[in-house]
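Commentary on secondary and tertiary structure
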Amino acid sequence: MELNKGRKKDSIEQFIELPQIILDTSLSQLRYMILIEGLTIPDGYDQCPYRSHVWSILCRVPVYPTSKYARLISEVPEKLPPDLYRKIKNDTFRTLMNDKSFHSKVSEESLTRILLAVALSRPENKVGYVQGMNVLLAPIAYSCHRSEPQAFALLHHLVNDQLPLYVTANLDGVHTGLSLVDVVLRIIDPVLSDYLDSKFLKAEIYAFPSVLTLCACTPTLNSLIKLWDFLFAYGTHMNILFVVAQLIMSRSALLQSSQPMKLLRNFPPLRENDIIKLSLSFIPELPKDLYSLIARHGFDPLVPQELKHFMANMKNASTSYSNPHR
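What counts, and at which threshold
- Residues numbered from 1 in each chain as written.
- Predicted model: local features only at pLDDT ≥ 70, side-chain atom pairs only at ≥ 80, totals over all residues.
- Heavy atoms only, no water.
- pLDDT = per-residue confidence, 0-100.
- Contact = heavy atoms within 4.5 Å.
- Domains from an automatic or database assignment.
- Salt bridge = Lys/Arg side-chain N within 4 Å of Asp/Glu carboxyl O.
- Buried < 20%, exposed > 50% of the residue type's maximum accessible area, 1.4 Å probe, protein only.

**Section: the confidence of the model for the protein**
- The predicted model of the protein averages 93 in pLDDT, with 96% of residues at 70 or higher.
- Note that pLDDT drops below 50 for residues 321–326; the model gives that stretch one contact with residues more than four away or on any other chain.

And the structure:
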C-alpha cells in the first residue's frame, strides 16, 4: 500500500520512509517518536493513514503478499473444521457493533475471512479460534482497512508470537494477566485493593474483557488505537498496567460506591494520554521480578508458577512487617 504523496508528511512518516542502517537503533528511535509525538491525523483524513505501516515495522511483520493470502483463503472450504465457521460468525456480527466509523471501513465478511485464515494457519496442536479474537482483530482491521492481507499478518503475529497463551483452550495467559492485575493494584494502591477485596471483587470478575482484548472492548476506537500504538512500541504486556491505571483513574468513584461492581461492568471511555502517563509512573514502583512476570505472561508458560511464588513471598513479607515479633 502506497502512502499518499500529495500531502505534507510529519516527522514519523518521513522517518519510516528513510533507509535504516541499524535496525535496533532505528526501532528505538521510532518508539521514542511515538511516545513523544504520537501518530498524527492529516487534514482530510479520519485516522492516521500510515498507522498499519508503523505497527508492521514495530512488530517486524513484512508486507504479506495478496496472492499468498488469496491462496490461503481459497483453502478454507476444504480445510474448514466442523463448527469453526459457526463459532466465528457468532462473534463477527457483534464486533464493535455500535461503532459506525468502524463498520464504514471494515465489513463482517472481511473479519470472517481474516479470522478463518488465522485459525487455519495456526499449528495443528493449537486452538484455531477463541472468543475475543474478533475484538483483538477489530483495531487491526480498522487500521489496515486498505490491506486485508496485512491485517491477517498482524493478527497472526499477535496471537502466535506475542500472546500465544491468550488463545489456548483455557485462556491461560488471560487468567495469569488477571492475577497480575490484582498483584499490581495491591502494590500501587493497597487501599483500593483492600476495598475491592472487601466486596469480593477480583480482576477475574471485572477485568476479563479488558485483559483478553487489550482494552479493545472499551470505547472509543480512536483512543484505543492510540493506546495500541504504545503497546506495539513498548510491549503488549503494558496492557496489564493500562487496566490498573483505569482503576486508579476511577478510584474516588469506586471508593465512594457501596456497589463498585456497577461501575466496573463498563469501564469509562479511554483517556489514552492519561492511561499511558499513569502506567509509566507505575514501573519504578514495581519489583523488577514482578515486571519480568508481566512482560512474559503472554508467552511464557513458566510465569503462573513463578507468580505463585512471588505472591507467597509478598504475603509473607507483609505478614512479617505487620507482625515484627513473630
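From this point, the discussion proceeds with the structure in view.
**Overview of the domain arrangement of the protein**
- Under the domain assignment used here, the protein contains domain 1 (20–59), domain 2 (66–162) and domain 3 (172–318).
- The C-alpha centroid of domain 2 is placed 24 Å from the C-alpha centroid of domain 1.
- With seven residues of domain 1 at the contact, the number on the domain 2 side is 11 residues.
- Applying the counting rule to domain 1 against domain 2 returns one salt bridge.
- A salt bridge links Asp 46 to Lys 105, with the nearest nitrogen and oxygen atoms 2.4 Å apart.

**Considering the pattern of salt bridges**
- Enumeration over the complete set of coordinates arrives at 17 salt bridges.
- Residue Asp 197 is joined to Lys 202 by a salt bridge in which the shortest nitrogen-to-oxygen separation is 3.1 Å.
- Assessed through its relative accessible area of 25%, Asp 197 is described here as partly exposed.
- Taking the relative accessible area as the measure of exposure, Lys 202 reaches 41% and is therefore partly exposed.

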